[in-house]
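Observations on the three-dimensional arrangement
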Amino acid sequence: MNKIWQCGCFLLLIMLVSSGCSKKSTEGPLAPPTTDTDMAIASCIGCHTDYTTLKRIASPDTSGGGGGCGGEFPHIEVYDRVYLGGAGFQKFRASTHGQIACTHCHGGVDSTSNKQVAHSGDFVKYPSARPATKCAQCHYNTVQNHASSLHANGWGQKSMVTLRYGANSFDDLPATLKTGYNNHCASCHAEKCGDCHINRPTAGGGGLLRGHSFERRPDMRENCVACHSSRVGHGYFGIGSGTQPDVHSTKWGDGHCVNCHSNAEIHGDGNIYNQRYKVAFLPWCTGCHSNIANSNPYHTAHMNSFNCQTCHSQDYNNCGSCHVGGAGARVPAYLGFKIGMNPITGTRPFKYATLRRALMAPDSWQNYGVANLANFDVRPTYKYATPHNTLRWTSRTRVEAGRACYDNCHIINENGTYRNKHLYLFNSDLLSWEIPANAGVVVDGKLPASWGTP
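As the structure is a computational prediction, the values presented were derived from the model and not from experiment.

Definitions and limits used
Residues numbered from 1 in each chain as written. Predicted model: local features only at pLDDT ≥ 70, side-chain atom pairs only at ≥ 80, totals over all residues. Heavy atoms only, no water. Helix = DSSP H or I, 4+ residues; strand = E, 2+ residues; numbered from the N terminus. Buried < 20%, exposed > 50% of the residue type's maximum accessible area, 1.4 Å probe, protein only. Areas by Shrake-Rupley, 256 points an atom, 1.4 Å probe, with all protein chains shown as cover. Phe/Tyr/Trp six-rings, centres within 6.5 Å; stacked < 30°, edge-to-face > 60°. 1 Å grid on protein atoms, 1.4 Å probe; cavity = no way out; pocket = protein on both sides within 12 Å on 5 of 7 lines; lining within 4 Å. Points joined across faces, edges and corners; volume = space filled by probe spheres on them. Arc of directions from axis to C-beta. Contact = heavy atoms within 4.5 Å. Pairing = 2+ DSSP bridges. Axes fitted to C-alpha atoms, helices over the stretch in contact; angles between N-to-C directions. Core = buried A, V, L, I, M, F, W, Y, C linked by side-chain atoms within 4.5 Å. Salt bridge = Lys/Arg side-chain N within 4 Å of Asp/Glu carboxyl O. Parallel < 35°, antiparallel > 145°, perpendicular 65-115°, else oblique. Nonpolar A, V, L, I, M, F, W, Y, C, P; charged D, E, K, R; others polar. Disulfide = S-S within 2.5 Å. pLDDT = per-residue confidence, 0-100. Polar contact = N/O pair within 3.5 Å; in protein donor to acceptor, adjacent residues only side chain to side chain.

Here we come to the overall build of the protein. In terms of regular secondary structure, the protein is built from 19 helices and seven strands. By the burial criterion, 47% of the 454 residues in the protein qualify as buried. For the protein, the exposed surface amounts to about 22200 Å²; the carbon and sulfur share of it is 53%.

Encoded structure:
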């Protein structure tokens, strides 16, 4: 897959020391300062602004690097992840956060050139992993809301694993399965404020992004898309072969995610949602595109029965049958497009919707002691999808002159050949083990009789 990367008040010095830098140095402790140069590094700021020193004392890099199903990110050296320099560091020093002592957030010992001493005692590598004590004094409401948010907890994923296993709650799952979840699924969720506002998230290579500058608005490519890569960034930037960038990324201001996704949605509103489409502050297309119900024949006929993406989405990434902790997805990522029956009618009021093939398989957790999920079929593996690759004119909305408006989207029987059938999800598109779970979303026997589908 192409690379996507081309693509409170005391949150001080988050990720100042990388995972490697906080480990014991293989070179032993530094000698006490004896020269002016040594004296200059005998402090947190002094050491981390001295690139030569950081390279000399860096511990071996044991991180797994960034990337994942969305593509690999460039490797960032241990010392580069913790270096304080450039315009970003100057911006930080002049800011409110920059006026606070490093040890106030990170603990440890200042005024020493000994790495082990500096990182001893109450040293905290990631202060924002403890937001209640490190961030809430100034950002109380944000911290309180974030604690119960989807970003911090992955409630939707937890709910799905719980349902498919057949337990009453996530806490009731076997310890081995919860370990697997924490090792894999939980690793992408932004429980640390700094993953958005100071650093690159682990999925993006980790480390300081702009010299420890606190950025109110996360960098779209380095932060947002570092995690939301294969299913958002891939489509939004038009990475897939034959696709175009989302119209919102090219024709609306800077195309940043926060133009649609509000603080209340991203940080949470204090409520727990076990499915992301239930979040109260999700953006709706009609929030900007108002008074369009009868603006053209497509909208007049289908606006209340199809989600917008069934007409305005391009092909998007799908994959499936992921073996957690094993060989990964056994149905490799591919570009595709499917319309099926809406599986979340209680949340989204459409009869039909775009569906995306999901990762889960009955034996996904086999490596964590669960040979097969006993209640696997409780939810479909083709899930409601809102791909971020919208265009006004797609292969379904652009119709040749003289042809009916439905020519490229309805299934049409042409002498026994069913044109446009590939757009819809039928049982024949499924692997054998997928059929029971998707009985409610396939279109077999549910399309208009006039289409004459077999």
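The final tally for this structure, using the stated rule, is 12 aromatic pairs. Ring centres of Tyr 51 and Tyr 79 lie 5.7 Å apart, and the angle between their planes is 90°; on these two criteria the pair is classed as edge-to-face. In this pair, Tyr 51 is assigned in helix α3 (residues 51-57) and Tyr 79 in helix α4 (residues 78-82), connecting sequence segments 28 residues apart. The class of Tyr 51 is partly exposed, set by a relative accessible area of 30%.

What follows deals with empty space enclosed by the protein. A volume near 80 Å³ is recorded for the second largest cavity. If you trace the second largest cavity, you find it lined by His 302, Phe 306, Thr 310, Cys 311, Ile 339, Arg 396, Cys 409, His 410 and Tyr 424.

Think of an α-helix as 3.6 residues a turn; residues three or four steps apart then line up on the same face. Of the positions making up helix α5 (residues 86-93), those classed as buried are Gly 88, Phe 89 and Phe 92. Within α5, the buried residues cover an arc of 95° as seen down the axis, which keeps them to one side. In α5, the exposed residues that point more than 90 degrees away from the buried face are Ala 87 and Gln 90. Residues of α5 that are buried in the fold lie against α2 (44-48).

A word on the sheet that holds strand β5 (residues 382-384). Here we have three strands laid out as an open sheet, ordered β3-β4-β5, and antiparallel in their pairing. Edge strands, defined here as strands with exactly one partner in the open sheet, are β3 (339-341) and β5. Across this sheet, the average inter-strand angle for adjacent strands is 60°, counted without regard to direction. Pairing analysis gives three bridges linking β3 to strand β4 (residues 352-357), with the strands arranged antiparallel. In the strand pairing of β4, Met 341 is matched with Tyr 352.

Another point: the pairing of strand β1 (residues 316-323). Counting buried positions along β1 gives eight out of eight residues, so the element sits mostly inside the fold. Where β1 and strand β2 (residues 328-336) come together, six bridges link them in antiparallel fashion. Paired with Asn 318 across the strands is Tyr 334, a residue of β2. Between β1 and β2, which pair antiparallel and follow one another directly, the connecting turn spans four residues, one of which, Gly 325, has a positive phi of 80°.

Now for the nonpolar core. Generally speaking, nonpolar side chains in soluble globular proteins are found buried as a group. Residues Val 161, Leu 173, Leu 177, Tyr 181, Met 360, Trp 365 and Leu 373 are the most contacted members of the largest nonpolar core, which totals 15 residues. If you look at the next biggest cluster of nonpolar residues, it comprises 13 residues, including Tyr 316, Met 341, Tyr 352 and Leu 423.

The next subject is the pattern of salt bridges. The final tally for this structure, using the stated rule, is 13 salt bridges. For Asp 429, the salt bridge identified is with Lys 338, shortest N-O distance 3.3 Å. With a gap of 91 residues between them, Asp 429 in the segment after β7 (417-419) and Lys 338 in the loop between β2 and β3 connect regions that are remote in the sequence. Looking at Asp 429, the relative accessible area reads 30%, which means it is partly exposed. Ionic pairing is found between Arg 419 and Glu 414, a salt bridge with its closest N-O pair at 3.0 Å. You can call Arg 419 partly exposed: its relative accessible area is 22%. A relative accessible area of 37% means that Glu 414 is categorised as partly exposed. Put simply, Glu 400, Arg 403, Asp 407, Glu 414 and Arg 419 are held in one network by salt bridges that share partners.

What follows concerns the packing of helix α14 (residues 220-227) against helix α15 (residues 229-236). The relative placement of two packed helices comes down to the angle between their axes together with the axis-to-axis distance. Packing of α14 against α15 leaves a shortest axis separation of 7 Å and a crossing angle of 130°. Here α14 lies oblique to α15, going by the angle between them. Listed contacts from α15 to Met 220, Val 225, Ala 226 and Cys 227 of α14 are Ser 229, Gly 233 and Tyr 236. Its residues placed into classes, the contact of α14 with α15 shows five nonpolar, two polar and no charged.

Another point: the state of the cysteines. Taken as a whole and judged by the stated rule, the model has zero disulfides. Unpaired in this structure, Cys 105 has its nearest cysteine sulfur neighbour in Cys 135, at a distance of 7.3 Å. With no disulfide of its own, Cys 288 has Cys 260 as its nearest cysteine by sulfur position, at a separation of 6.0 Å.

On to the confidence of the model for the protein, then. Predicted confidence across the protein gives a mean pLDDT of 87, with 89% of residues reaching 70 or more. When mean pLDDT is compared element by element in the protein, β3 scores highest at 98, while helix α1 (residues 36-40) scores lowest at 54. pLDDT under 50 marks residues 1-37. Its contacts with residues more than four places away, or in other chains, come to 140 contacts.

By the element assignment, Leu 84 lies in the loop between α4 and α5. For Leu 84 and His 212, which are 128 residues apart along the polypeptide, the C-alpha to C-alpha distance reads 6.6 Å.

Turning our eyes to something else, we now look at helix α11 (residues 155-165). Of all the positions in α11, only Lys 158, Ser 159, Met 160, Val 161, Thr 162 and Arg 164 are classed as buried. On the buried face of α11, the contacting elements are α10 (150-153) and α12 (175-183). Trailing α11 by a residue or two, Gly 166 shows a phi angle of about 100°, which is positive.

This part is about the environment of Tyr 382. Its location among the elements puts Tyr 382 in strand β5. Distance from Tyr 382 to Ile 339, taken between C-alpha atoms, is 10.0 Å for residues 43 residues apart in sequence. Those residues in contact with Tyr 382 that lie beyond four places of it in its chain are Tyr 334, Leu 355, Arg 356, Arg 357, Leu 425, Asp 429, Leu 430, Glu 434, Asn 438 and Val 441. Here the side chain of Tyr 382 touches Arg 357 through a polar contact of 3.4 Å, side chain to side chain.

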